[in-house]
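Here is what each chain is made of, one letter per residue.
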Amino acid sequence: MRSSRTIHVISAHAEGEVGDVIVGGVLPPPGATIWEQSRWIARDGSLRGFVLNEPRGGVFRHVNLLVPPKDPRADAAFIIMEPEDTPPMSGSNSICVATVLLDGGLVPMHEPVTELLLEAPGGLVRVRAECRDGKAERIFVENLPSFAARLGVPLEVGGLGTLTVDTAYGGDSFVFVDPAALGLALTPDEAHDIARLGVRISDAATEALGFEHPENPDWRHISFCLFAGALERATDGLRAKAAVAIRPGKVDRSPTGTALSARMAVLHARGEMATGERLTAVSLIGSTFTGRILGTTTVGGRPAIRPEISGRGWITGIHQHMLDPTDPWPEGYRVSDTWGAR
């Protein structure tokens, strides 16, 4: 077999959401910070196309690039590549990265608990992994500080009328909608409708409301729409269904760690969730992430929470992505049957 390019990947998923990890074959991109490196990856687009586009990728795939950390305190650093964005942070992807680092033997595992400090494009995240018999069984991630942006504001969406929405940041930017108001029960058979409607809502929110992160002027759009299910109180804390529509048109198979962080920030801002309380989010496939508010802080003077999320990750395979020099689609291709749900 001949190849002009070979990229080594360990594939993984966190509670159902794919988060592959590039472990070889790609040099670190230019940039003085991990954020600057992620901006280079986003602008250049060639690596994103190679690993995310068909025939090697698909709308269901996220891929993380391991790079040397810039902060000397960090054990490892990673750049997240999602179907449309190259974001500051991702909960499911950070769990996949931690799982690959530990289960793959890239960093030493200490049982029963291993602690790591990872550097994401948006900043440092602290990881605690419960380990047994050579397996990281559950990953706890102290996510980036998260905050509510707009609460209970009207949003006009073509074909849907005026919705009442919240916007928030949980390592990425979100607009929240009440699924019941749209006649949705958050069941697996609704996935196509959720994906299609969610992209329309997030696009409308970006246009009408925009987004502003006080410390990251590069992030000015709404990435995702969270269909936030009704809260239930149980003995172990709050519980709610959750479905997140990811551009260009898919539903997160996991409960989405950044969405969980953002929702806890909104609930805290409304006085509905206190420091120390837990919220378990349940995805369309029945997988769960559990969140906890560790404390409060500020982001650019704005009130924020310190969220922790936890979930499980599993390695699914080892791959070598190759490029035959005669392949007419060196960066792959996208077709709207799966790459667009608007």
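Going by the structure above, here's the rest.
Residues numbered from 1 in each chain as written. Predicted model: local features only at pLDDT ≥ 70, side-chain atom pairs only at ≥ 80, totals over all residues. Heavy atoms only, no water.

Q: Explain the overall build of the protein to me, and be specific about the residues and the numbers.
A: Within the protein one finds six helices and 19 strands. With the C-alpha coordinates aligned to their principal axes, the bounding extent of the protein is approximately 55 × 45 × 35 Å. In the protein, buried positions account for 56% of the 342 residues. Residue pairs in contact within the protein that sit at least 24 positions apart in sequence constitute 65% of those at least 6 positions apart. Just so you have it, the protein exposes about 13900 Å², and 49% of that area is on carbon and sulfur atoms. Positive and negative side-chain charges of the protein, numbering 33 and 41 respectively, have mean locations separated by a distance of 1 Å. (Helix = DSSP H or I, 4+ residues; strand = E, 2+ residues; numbered from the N terminus. Buried < 20%, exposed > 50% of the residue type's maximum accessible area, 1.4 Å probe, protein only. Contact = heavy atoms within 4.5 Å. Areas by Shrake-Rupley, 256 points an atom, 1.4 Å probe, with all protein chains shown as cover. Lys, Arg positive; Asp, Glu negative; His and termini not counted. Charge placed at Lys NZ, Arg CZ, Asp CG, Glu CD.)

Q: Got a sec to walk through the packing of aromatic side chains? Specific residues and values, please.
A: The geometry of an aromatic ring pair comes down to the distance between the two centres and the angle between the two planes. For the coordinates displayed, the defined rule picks out six aromatic pairs. Measuring from ring centre to ring centre gives 6.3 Å for F147 and F211, while their planes differ by 10°; the resulting arrangement is stacked. Taken together, the positions of F147 in strand β9 (residues 147–157) and F211 in the loop between α4 (191–208) and β12 (224–228) put the pair 64 residues apart, joining distant regions of the chain. Overall, the relative accessible area of 6% leaves F211 in the buried class. On the numbers, 6.0 Å between centres and 20° between planes, the contact of Y169 with F211 is stacked. Residue Y169 is found in strand β10 (residues 161–169), and its partner F211 is found in the loop between α4 and β12; the two are separated by 42 residues along the sequence. Relative accessible area serves as the criterion here: at 3%, Y169 is assigned to the buried category. Over the ring of W35 we find R39, and its NZ or CZ is 4.0 Å from the ring centre. (Phe/Tyr/Trp six-rings, centres within 6.5 Å; stacked < 30°, edge-to-face > 60°. Lys NZ or Arg CZ within 6 Å of the ring centre and 35° of its normal.)

Q: Please provide a residue-by-residue account of the layout of surface pockets, values included.
A: The computed volume of the largest pocket comes to approximately 410 Å³. Going through the elements one at a time, β10, β11 (173–177), β14 (237–246) and α5 (257–269) are the ones with two or more residues in the lining of the largest pocket. The residue makeup of the lining of the largest pocket, split by class, is 14 nonpolar, two polar and eight charged. (1 Å grid on protein atoms, 1.4 Å probe; cavity = no way out; pocket = protein on both sides within 12 Å on 5 of 7 lines; lining within 4 Å. Points joined across faces, edges and corners; volume = space filled by probe spheres on them. Nonpolar A, V, L, I, M, F, W, Y, C, P; charged D, E, K, R; others polar.)

Q: Give me the lowdown on a nonpolar patch on the surface, citing residues and values where you can.
A: Side chains of W329, Y333 and V335 sit close together on the surface and give an oily, nonpolar patch of about 290 Å² of accessible area. With respect to the element layout, Y333 can be found in the loop between β19 (313–323) and α6 (336–339). You can call Y333 partly exposed: its relative accessible area is 30%. (Patch = residues over 30% accessible without salt bridge, like charges linked within 9 Å, V, L, I, M, F, W, Y side chains within 5 Å. Salt bridge = Lys/Arg side-chain N within 4 Å of Asp/Glu carboxyl O.)

Q: Can you break down the pattern of salt bridges residue by residue, with the values?
A: The tally for this structure, following the rule as stated, stands at 16 salt bridges. Among the salt bridges present, the one from R196 reaches D193, with a minimum N-O distance of 3.3 Å. Taken together, the residues R196 and D193, both in helix α4 and three residues apart, mark about one turn of the helix. D193 sits in the partly exposed class, given a relative accessible area of 33%. Members of the salt-bridge network, linked through shared partners, are R128, R292 and E308.

Q: Requested: an account of the side chain of S261, with residues and values cited.
A: As for its placement among the helices and strands, S261 is situated in helix α5. Residue contacts for S261: discarding those within four places in its chain leaves N143, S146, G170, I305, P307 and I309.

Q: An account of helix α3 (residues 91–103) is requested, with residue identities and associated values reported.
A: Here α3 is 13 residues long and its end C-alpha atoms lie 18 Å apart, about the 18 Å a rise of 1.5 Å per residue gives. The buried fraction of α3 amounts to 12 of the 13 residues, a majority that puts the element mostly inside the structure. By the burial criterion, the buried members of α3 are G91, S92, N93, S94, I95, C96, V97, A98, T99, V100, L101 and L102. (Expected span 1.5 Å × (residues − 1).)

Q: Outline the nonpolar core, listing residues and values.
A: One finds L118, I201 and F227 to be the most contacted residues of the largest nonpolar core, which totals 84 residues. Once residues lying within four places of it in the same chain are set aside, the contact partners of I201 are L155, V157, L160, L163, V175, V177, L182, C225 and F227. Residues I7, F50, V63 and L65 belong to the second largest nonpolar core, which totals 16 residues. (Core = buried A, V, L, I, M, F, W, Y, C linked by side-chain atoms within 4.5 Å.)

Q: How would you summarise the state of the cysteines if you had to cite specific residues and measurements?
A: Inspection of every chain in the model, using the stated rule, returns zero disulfides. We note that C96 lacks a disulfide partner, and the nearest cysteine sulfur, in C131, lies 15 Å from it. (Disulfide = S-S within 2.5 Å.)

Q: So what's going on with the pairing of strand β1 (residues 5–14)? Residues and values would help.
A: The pairing of β1 with β19 spans 10 bridges and is classified as antiparallel. When the bridges of β19 are listed, T6 appears paired with M322. With three bridges connecting them, β1 and strand β3 (residues 20–24) associate as antiparallel partners. Residue pairing in the sheet places H8 in a bridge with G24 of β3. Two elements, β1 and strand β2 (residues 17–18), share two bridges in a ladder whose sense is antiparallel. Each bridged residue has a counterpart across the sheet, and for A14 the counterpart in β2 is E17. In this structure, the hairpin formed by β1 and β2 is closed by a connection of two residues, where E15 is found at a positive phi of approximately 50°. (Pairing = 2+ DSSP bridges.)

Read these as geometric descriptors, not functional statements.
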